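Residue strings, one per chain:
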Amino acid sequence: MKLYEKVAHAIEERIEQSFYQAGEKLPSIRALSLTHEVSISTAQEAYRLLEDQGWVESRPKSGFYVKNRQKAPQQLPDLSRPTQTPIEVSQWEEVLNLLCASTTADIVQLSRAIPDLEAPTLKPLMRIMSDLNKHGGGSILSYEDLRGADCLRLQIARLMVDSGCRLHPDDIITTAGCQEALSASLRAVTQQDDVVAVDSPSFYGSLQAIKALGLKALEIPTHPETGISIEALELAMEQWPVKAILITPTCNNPLGYTMPVEHKQRLLVLTACYDIPIIEDDIYGDLSYTSPRPPSIKSFDTEGRVLLCSSFSKTLAPGLRIGWVAPGRYVNQVMHMKYVVTASTPTLPQHGIAEFIAQGGYERHIRKMRAKYHQSRDVMIGWVEKYFPNGTKISYPQGGFLLWVELPADIDTVELNQRTMKRGVSIAPGVLFSASGKYRNCMRLNFTDKPSEKNENAIKQVAICIQEMVSESS
């Protein structure tokens, strides 16, 4: 942790402990400098970080004040209770409908996990890509190394230091997005009819990759704050021949939780006992609201059993189609799987992203996006609490831009989505996030966009449709 981060963390702890109250003026930069025995510039950086994270706000000619923050929802979603039996994944038709419907014009997209593509901090990346396109010559039109561009793999290795990983560029393979990284990892460590344990609810893309490969999913009970139940997983592994675990432990999609460090370590120890690989989806890890970001499971791995997957689809833009995987001991298998499917990752975006990171653009962009999504989360939770019926349960994401909402049991969100689409709003029904079609009364909402009257009205429209369904069933 850098010095200014330590100072910021000390202030953050005092705010959380109510030593500093919401709306209260904080010590001046000079006073902070003297108290913590740091330079003026370090004190300024500490306040800048706290401001980016949404803890404080600056007022012209007045100083810094504790910002009013949305408290955790009064009712979090229940601990999931899926059927702990290996099953074939269903729901493909529902996923396909979501993917097709989300391209419809004039629809407020609360359904798709797409980041802010209008952020000013992306403009330097666009300029870099344009310059490479003009002056890169034939090299950017050629095949790239099977492992990926050297320059990008070097920058990824440097980025992953923040997650606690010490990777060499040769430990990394670039892919066409995180979806290919996950799919190649699954194919590298499993065979048809094998059982893969997953957190539940779970990202529908992962579930569909399991389906496509002829595997079976074993859904494990998952807590909305701490993640997959280690105890339930261990019982399942004693009962079923689990061949791999696929999990999103940091800024989870869709629940938003981040597993405590000790839980990540316990999970790794458990898999070592059974000699089972972990496929770790870290695609939202860099969007954690805390600084430094939480460590990955991979950071504790000394045996090469963790296949760490990620991409720039959620941090930068999905259209770049640049992901990567650090497969550990399975590097040769994953390399082969990549070769037989895509052979080479697109050259131009790899070099563009590498230069963007090297120039410091990625760090600046991520810092702004973390602060923006953090603020949007609090606003979205406030809207849901205000407009949705009593008994609604809401997740409290620790990063990213996705909210999980559990409605009263008699609300079918598949039907709800059909109704909201007629009002110009799409949601992601909960059934998409289960191998067996559970969570029918749940939905996932995207809070990427800056809070606006348009987005608040979209939430109102969803609430109106819910009320209609409640009235009709009563």
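Since the structure is predicted, the reported quantities are computational estimates derived from the model, not experimental observations.

Undergrad: Sorry if this is basic, but what is going on with the overall build of the protein chain here?
TA: Each helix and strand in the protein chain was counted, giving 15 helices and 16 strands. Overall size of the protein chain, expressed as C-alpha extent along the three principal axes, is 65 × 65 × 50 Å. In the protein chain, buried positions account for 56% of the 474 residues. In the protein chain, the proportion of contacts linking residues at least 24 apart, taken out of those at least 6 apart, comes to 75%. Roughly 20,300 Å² of accessible area belongs to the protein chain as shown, and the carbon and sulfur atoms make up 50% of that amount. In the protein chain, the 50 positive side-chain charges and the 54 negative ones have mean positions that sit 5 Å from each other.

Undergrad: Whenever I open this one, the sheet that holds strand β7 (residues 227-228) confuses me. Can you help?
TA: Hydrogen bonding along the main chain pairs the strands of a sheet, whether they run parallel or antiparallel. Taken together, 8 strands build an open sheet; the order of strands is β4-β11-β10-β9-β8-β5-β6-β7 and the sheet is mixed. At either margin of the open sheet sits one strand with a lone partner, and together these are β4 (173-175) and β7. Taken together, the 6 bridges between strand β5 (residues 195-200) and strand β6 (residues 216-223) define a ladder with parallel strand orientation. What sits directly across from Val198, in β6, is Glu219. Contacts from helix α9 (residues 230-239) reach β5, β6, β7 and β8 (242-247), with the element oriented near 155 degrees to β6.

Undergrad: What am I meant to see in the environment of Leu117 here?
TA: Assignment of secondary structure puts Leu117 in the loop between β3 (108-109) and α5 (123-135). On a C-alpha basis, the gap between Leu117 and Asp449 in space is 9.4 Å, while along the polypeptide they are 332 residues apart. Dropping the residues within four chain positions of it, Leu117 is found in contact with Leu122, Leu316, Ala317 and Pro318.

Undergrad: Explanation requested: the sheet that holds strand β15 (residues 428-429) in the structure shown.
TA: Reading across the sheet, the 4 strands line up as β12-β13-β16-β15 and stay open at both edges, with antiparallel pairing between neighbours. The open sheet has two edge strands, β12 (393-394) and β15, and neither has a second partner. Taken together, the 2 bridges between β12 and strand β13 (residues 402-406) define a ladder with antiparallel strand orientation. From the neighbouring strand, Ile394 faces β13, where its bridge partner is Val405.

Undergrad: Would you mind showing me how to read the pattern of salt bridges here?
TA: Side-chain pairs of opposite charge can arise where the charged atoms are in close proximity. All chains considered together, the criterion is met by 24 salt bridges. Among the ionic pairs, Arg147 bridges to Asp170, the shortest N-O distance being 3.2 Å. One end of the pair, Arg147, is in the loop between α5 and α6 (150-159); the other, Asp170, is in the loop between α6 and β4, and 23 residues separate them in sequence. Judged by relative accessible area, which is 41%, Asp170 ranks as partly exposed. The partner of Arg329 in a salt bridge is Asp275, and the shortest N-O contact between them spans 3.5 Å. In this pair, Arg329 is assigned in the loop between β11 (323-326) and α11 (331-341) and Asp275 in the loop between α10 (261-274) and β9 (278-281), connecting sequence segments 54 residues apart. Through salt bridges with shared partners, one network takes in Asp145, Arg147, Asp150, Arg153 and Asp170.

Undergrad: Any chance you could explain the nonpolar core here in plain terms?
TA: One broad rule of soluble globular proteins: the nonpolar side chains tend to lie buried together. Core analysis: the biggest nonpolar cluster contains 92 residues, and Phe312, Phe388 and Met443 have the highest contact counts within it. Considering every element that reaches this core, the biggest residue donor is helix α13 (residues 361-387), with 8 residues. Formed by 33 residues, the second largest nonpolar core is a distinct cluster that contains Ala232, Ala236, Met259 and Ala428.

Undergrad: It is not clear to me how the packing of aromatic side chains should be interpreted in this structure. Could you clarify?
TA: Within a pair of aromatic rings, the relevant descriptors are the distance that separates the centres and the angle that separates the planes. Following the criterion strictly, the structure yields 9 aromatic pairs and no others. Seen from their ring centres, Tyr47 and Phe64 are 4.4 Å apart, and the 15 degrees between their planes marks the pair as stacked. On the criterion of sequence distance, the pair formed by Tyr47 in helix α3 (residues 40-52) and Phe64 in strand β2 (residues 63-66) is long-range, its members being 17 residues apart. For the ring pair Tyr373 and Phe401, a centre distance of 5.0 Å and an interplane angle of 65 degrees mean the geometry is edge-to-face. Note that Tyr373 is positioned in helix α13 and Phe401 in the loop between β12 and β13, a separation of 28 residues in sequence.

Undergrad: I keep staring at the packing of α13 against helix α15 (residues 453-473) and nothing clicks. Help me out?
TA: Two packed helices can be described by the angle between their axes and the distance between those axes. Interhelical geometry of α13 versus α15 gives an angle of 35 degrees and a closest axis separation of 10 Å. Note on packing geometry: the crossing formed by α13 with α15 is right-handed. Touching Met380, Trp383, Lys386 and Tyr387 of α13 are Asn455, Glu456, Ile459, Lys460 and Ala463, all from α15. In terms of residue class, the contact of α13 with α15 is built from 5 nonpolar, 1 polar and 3 charged.

Undergrad: Looking at this structure, how should I read α11?
TA: Every buried residue of α11 is accounted for by Val334, Met335, Met337 and Lys338. An end-on view of α11 places all buried positions within 160 degrees of arc, on one side of the element. Exposed positions of α11 whose direction lies more than 90 degrees from the buried face are Asn332 and Tyr339. The elements touched by buried residues of α11 are β4, α7 (177-189), β10 (306-311) and β11. At the exit of α11 stands Ala343, carrying a positive phi of roughly 65 degrees.

Undergrad: I keep staring at the pairing of β11 and nothing clicks. Help me out?
TA: Looking down a regular strand, the side chains alternate between one sheet face and the other. Covered by surrounding structure in β11 are Gly323 and Val325 together with Trp324 and Ala326, the residues of both alternating faces. Taken together, the 4 bridges between β10 and β11 define a ladder with antiparallel strand orientation. Across the sheet, the residue bridging to Ser311 is Gly323, located in β11.

Undergrad: In this structure, what is going on with a nonpolar patch on the surface? I would like to understand it.
TA: Side chains of Tyr339, Val340 and Val341 sit close together on the surface and give an oily, nonpolar patch of about 300 Å² of accessible area. Overall, Val341 belongs to the partly exposed group, its relative accessible area being 47%.

Undergrad: Explanation requested: the side chain of Gln208 in the structure shown.
TA: Here Gln208 is to be found in helix α8 (residues 204-212). A residue is classified by how much of its surface remains accessible, and Gln208, at 12% relative accessible area, is buried. Look past the residues within four positions of Gln208 in its chain and what remains in contact with it is Val89, Ser90, Gln91, Trp92 and Val95.

Undergrad: I would appreciate a short explanation of the packing of helix α1 (residues 3-16) against α3 in the present structure.
TA: Remark: α1 packs on α3, axes separated minimally by 8 Å, with the N-to-C direction vectors making an angle of 55 degrees. By the angle between their directions, the pair α1 and α3 is classed as oblique. For the pair α1 and α3, the sense of crossing is right-handed. Of the residues in α3, those touching α1 at Leu3, Tyr4, Glu5, Val7, Ala8, Ile11 and Glu12 are Thr42, Glu45, Ala46, Arg48, Leu49 and Leu50. When its residues are assigned to classes, the contact of α1 with α3 shows 8 nonpolar, 1 polar and 4 charged.

Basis of the calculations
- Residues numbered from 1 in each chain as written.
- Predicted model: local features only at pLDDT ≥ 70, side-chain atom pairs only at ≥ 80, totals over all residues.
- Heavy atoms only, no water.
- Helix = DSSP H or I, 4+ residues; strand = E, 2+ residues; numbered from the N terminus.
- Buried < 20%, exposed > 50% of the residue type's maximum accessible area, 1.4 Å probe, protein only.
- Contact = heavy atoms within 4.5 Å.
- Areas by Shrake-Rupley, 256 points an atom, 1.4 Å probe, with all protein chains shown as cover.
- Lys, Arg positive; Asp, Glu negative; His and termini not counted.
- Charge placed at Lys NZ, Arg CZ, Asp CG, Glu CD.
- Pairing = 2+ DSSP bridges.
- Axes fitted to C-alpha atoms, helices over the stretch in contact; angles between N-to-C directions.
- Salt bridge = Lys/Arg side-chain N within 4 Å of Asp/Glu carboxyl O.
- Core = buried A, V, L, I, M, F, W, Y, C linked by side-chain atoms within 4.5 Å.
- Phe/Tyr/Trp six-rings, centres within 6.5 Å; stacked < 30°, edge-to-face > 60°.
- Left-handed = near helix turned anticlockwise from the far one by under 90°.
- Nonpolar A, V, L, I, M, F, W, Y, C, P; charged D, E, K, R; others polar.
- Arc of directions from axis to C-beta.
- Patch = residues over 30% accessible without salt bridge, like charges linked within 9 Å, V, L, I, M, F, W, Y side chains within 5 Å.
- Parallel < 35°, antiparallel > 145°, perpendicular 65-115°, else oblique.

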